[in-house]
Amino acid sequence: MSRIKTAGRSLVELLLTLAISLLPVGTGLMILSYQQDKKLDETARISINEAIYSVDLALDRIHASASTAMMLAGTACERAQTQLLDQVAKAPHLRSLALTVDRRTDCSTLNMPFPVQQVFPDARSQFRLVLDPAATLDAMLLAYQLSEKNLGVITTSYGVLLRNELRAFQTGLTLLLEFEDSYIWADGDSRDPTRPSQVEFFKTGVSDKYGYTVKAGYEQGYSARETRQTMKQLFPSLALVGIITGSITYWGLFRQRNQRVRSAASKG
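What counts as what
Residues numbered from 1 in each chain as written. Predicted model: local features only at pLDDT ≥ 70, side-chain atom pairs only at ≥ 80, totals over all residues. Heavy atoms only, no water. Pairing = 2+ DSSP bridges. Helix = DSSP H or I, 4+ residues; strand = E, 2+ residues; numbered from the N terminus. Axes fitted to C-alpha atoms, helices over the stretch in contact; angles between N-to-C directions. Contact = heavy atoms within 4.5 Å. Disulfide = S-S within 2.5 Å. Buried < 20%, exposed > 50% of the residue type's maximum accessible area, 1.4 Å probe, protein only. Phe/Tyr/Trp six-rings, centres within 6.5 Å; stacked < 30°, edge-to-face > 60°. Lys NZ or Arg CZ within 6 Å of the ring centre and 35° of its normal. Lys, Arg positive; Asp, Glu negative; His and termini not counted. Salt bridge = Lys/Arg side-chain N within 4 Å of Asp/Glu carboxyl O.

1. Re the sheet that holds strand β2 (residues 104–108)
- Taken in spatial order, the five strands line up as β2-β1-β5-β4-β3 in an open sheet, and their pairing is antiparallel. Sheet topology places β2 and β3 (127–131) at the edges, where each strand pairs with a single neighbour. For this sheet the average axis-to-axis angle between neighbouring strands, irrespective of direction, equals 30°.
- The pairing of strand β1 (residues 96–101) with β2 spans four bridges and is classified as antiparallel. When the sheet's bridge partners are listed, Thr100 is paired in β2 with Thr105.
- This element, helix α2 (residues 77–90), spans β1 and β2 of the sheet and lies at about 150° to β1.
- The strands touched by helix α4 (residues 160–167) within the sheet are β3, β4 (140–148) and β5 (151–158), with β5 carrying the most contacts at an inclination of about 55°.

2. Some remarks on the state of the cysteines
- Across all of its chains, the model carries one disulfide by this definition.
- The partner cysteine of Cys77 in its disulfide is Cys107, sulfur to sulfur 2.1 Å. Note on the Cys77 and Cys107 pair: the S-S dihedral is about 65°, so by sign convention the disulfide is right-handed. Of this pair, Cys77 sits in helix α2 while Cys107 sits in strand β2, and the two are 30 residues apart along the sequence.
- For Cys77, a relative accessible area of 22% translates into the label partly exposed.

3. Comments concerning the packing of aromatic side chains
- Scanning the model with the defined rule gives five aromatic pairs in all.
- Ring plane angle 25° and centroid distance 4.3 Å describe the contact between Phe127 and Tyr144, whose orientation is recorded as stacked. A residue pair is termed long-range when its members are at least 10 positions apart, and Phe127 in strand β3 and Tyr144 in strand β4 qualify at 17 residues. Each of the two residues, Phe127 as well as Tyr144, counts as buried.
- Judged by centre distance (4.8 Å) and plane angle (20°), the rings of Tyr218 and Tyr222 are stacked. Neither residue differs from the other here; Tyr218 and Tyr222 are each classed as buried.
- Put simply, the rings of Phe127, Tyr144 and Tyr210 touch in pairs and so form one group of aromatic residues.
- Just above the ring of Tyr183 sits the side chain of Arg195; from NZ or CZ to the centre is 4.3 Å.

4. Examining the side chain of Glu165
- The residue Glu165 is located in helix α4 in this model.
- For the buried Glu165, which has no salt bridge, the nearest side chain bearing the opposite charge is Arg61, at an N-O separation of 4.0 Å.

5. Details of unusual backbone geometry
- The backbone of Asp102 shows a phi angle near 55°, a positive value even though the residue is not glycine.
- Summarising the element assignment, Asp102 is placed in the loop between β1 and β2.
- The partly exposed category is assigned to Asp102, whose relative accessible area is 41%.
- For Lys149, which is not a glycine, the phi torsion comes out positive at approximately 60°.
- Of note, Lys149 is situated in the loop between β4 and β5.
- Residue class for Lys149 comes out exposed when judged on its relative accessible area of 86%.

6. Examining the sheet that holds strand β10 (residues 213–218)
- The strand order β8-β7-β6-β10-β9 describes an open sheet built from five strands, whose pairing is antiparallel. The sheet is open, and its two edges are formed by β8 (188–189) and β9 (200–206), each paired on a single side.
- Summarising the sheet, strand β6 (residues 174–179) and strand β7 (residues 182–185) pair through four bridges and their orientation is antiparallel. Across the sheet, the residue bridging to Leu177 is Ile184, located in β7.
- Against the sheet, α4 touches β6, β7 and β8, its axis set at about 50° to β7.

This is the structure in structure tokens:
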């Protein structure tokens, strides 16, 4: 009976030691997963605000160029075109400038690839994404309209201007800019058959200044991959902590057992 009790006590001590050894490992992995998800959620939230700030600055440059060109609105094209061409040549963010009267093109540095009324439903419309039918690569253009009474300016820029802003975010996060029913992201735009996956930690924000929408999120499975990768790096350290904790526990139990044995022997 004594041997059975001793064996049973030893088994309990072994299981207790194993449980205590696994406790820091399990707890560490749970905390790691929580912190990883919290980090991704926070990155998505912050990136929305940073993207709006960054894109607004890029659009501010376009607005400033349009404001400068507006001073030529109503001027004869023979006089205005040279100055418009010079302005485009000095501004790498511009593809073209056009002056309009009653929402019809009056003077332009390039033939406009679209009718003004087709892209801008009214004089208050601002930025729109449009396809350049003349481009061999079907380039996406960013069009901007600035109006004062019956006069106006239309600017066009290549979509790469926006893509460069989005590519600055090297976080694994997918950022998408939406202008009305068209959108653009770092590796594609509205011409793609499907939108990029943004299902994990999805966030959205709207520019107060220009009205476009920024959508941010991670593709399906991104969080799990990041967590597995981090676990691979930290698991050896957690396992070592578990082994040390288990060893200390087992040594303590071993000492208690020896003390009980010596106590029983002295009483006998």
